[in-house]
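One-letter residues, chain by chain:
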Amino acid sequence: MSSDGRSFWTVLAAVVGVAGVIAVGILGLRPGTSETQYHPGVTLGDPQDYGSSGSSTALVVGKNQSGGSSLFGLHFGRVTHRISAQFFTSPGCFGLVESGDRWPNSFVECSTDVGVEGTVTGLGRAWTEETIVVVDVEVDQGCFDDVSAGDFWPADVPACLVDE
């Protein structure tokens, strides 16, 4: 093989190597989504402490922030803020609702006057047989920042109040 043939292959290998390093670098630096969850140990207590199952009070038991990206300290993309509100409803609701369902629903057995709208993310039964429901509610960042786990929901916080 002539020296011109070797130099061509050497240059080609160098170009392919540099292109590979650049590709790996770009893939390694690409923006990704992030998620932060905050679920401290919050105890809901007994159903009678929160009123009857039809007029139960909800309690914030967790917070979740997801989405958005950052690259070199610059943040962009939509960030979603959710609080997890837990409350009681009647015993008959337990078999009618599944995780992922929208809340409120149309079942009479699940009726409550708790002001919660969102996605069911948890279910359980209290020792009194009442159904425990956890619903994730999307909120804006101001409300998310001002509400803490253990607070009642809907929160009496200006950032969380919806203009009617």
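Note: the structure precedes this text.
So, a few notes on the structure that sits alongside this text. The model shown is predicted, which means the values in this text are computed figures rather than measured ones. (Residues numbered from 1 in each chain as written. Predicted model: local features only at pLDDT ≥ 70, side-chain atom pairs only at ≥ 80, totals over all residues. Heavy atoms only, no water.)

Quick word on the nonpolar core
Next, step 1: Within the largest apolar cluster, 23 residues are counted, with the highest numbers of intra-cluster contacts made by F87, W103, V116, V135 and W153.
Next, step 2: Secondary-structure elements contributing two or more residues to this core are β2 (58-71), β3 (74-89), β6 (131-139) and α2 (141-146).
Next, step 3: Of the residues forming this core, the biggest block, four residues, is contributed by β6.
Next, step 4: Residues contacting W103, with those up to four places away along its chain left out, are F87, C93, V97, C110, T112, V116, E117, G118, V120, V133 and V135. (Core = buried A, V, L, I, M, F, W, Y, C linked by side-chain atoms within 4.5 Å. Buried < 20%, exposed > 50% of the residue type's maximum accessible area, 1.4 Å probe, protein only. Helix = DSSP H or I, 4+ residues; strand = E, 2+ residues; numbered from the N terminus. Contact = heavy atoms within 4.5 Å.)

Here we look at the pattern of salt bridges
Next, step 1: If you walk through the whole model with that rule in mind, you get two salt bridges.
Next, step 2: A salt bridge links E138 to R78, with the shortest nitrogen-to-oxygen separation between them at 2.7 Å. Of this pair, E138 sits in strand β6 while R78 sits in strand β3, and the two are 60 residues apart along the sequence.
Next, step 3: The class for E138 is partly exposed, based on a relative accessible area of 45%.
Next, step 4: On the basis of relative accessible area, R78 is assigned to the exposed category, the value being 58%.
Next, step 5: The shortest N-O distance in the salt bridge between E129 and R125 comes to 3.7 Å. (Salt bridge = Lys/Arg side-chain N within 4 Å of Asp/Glu carboxyl O.)

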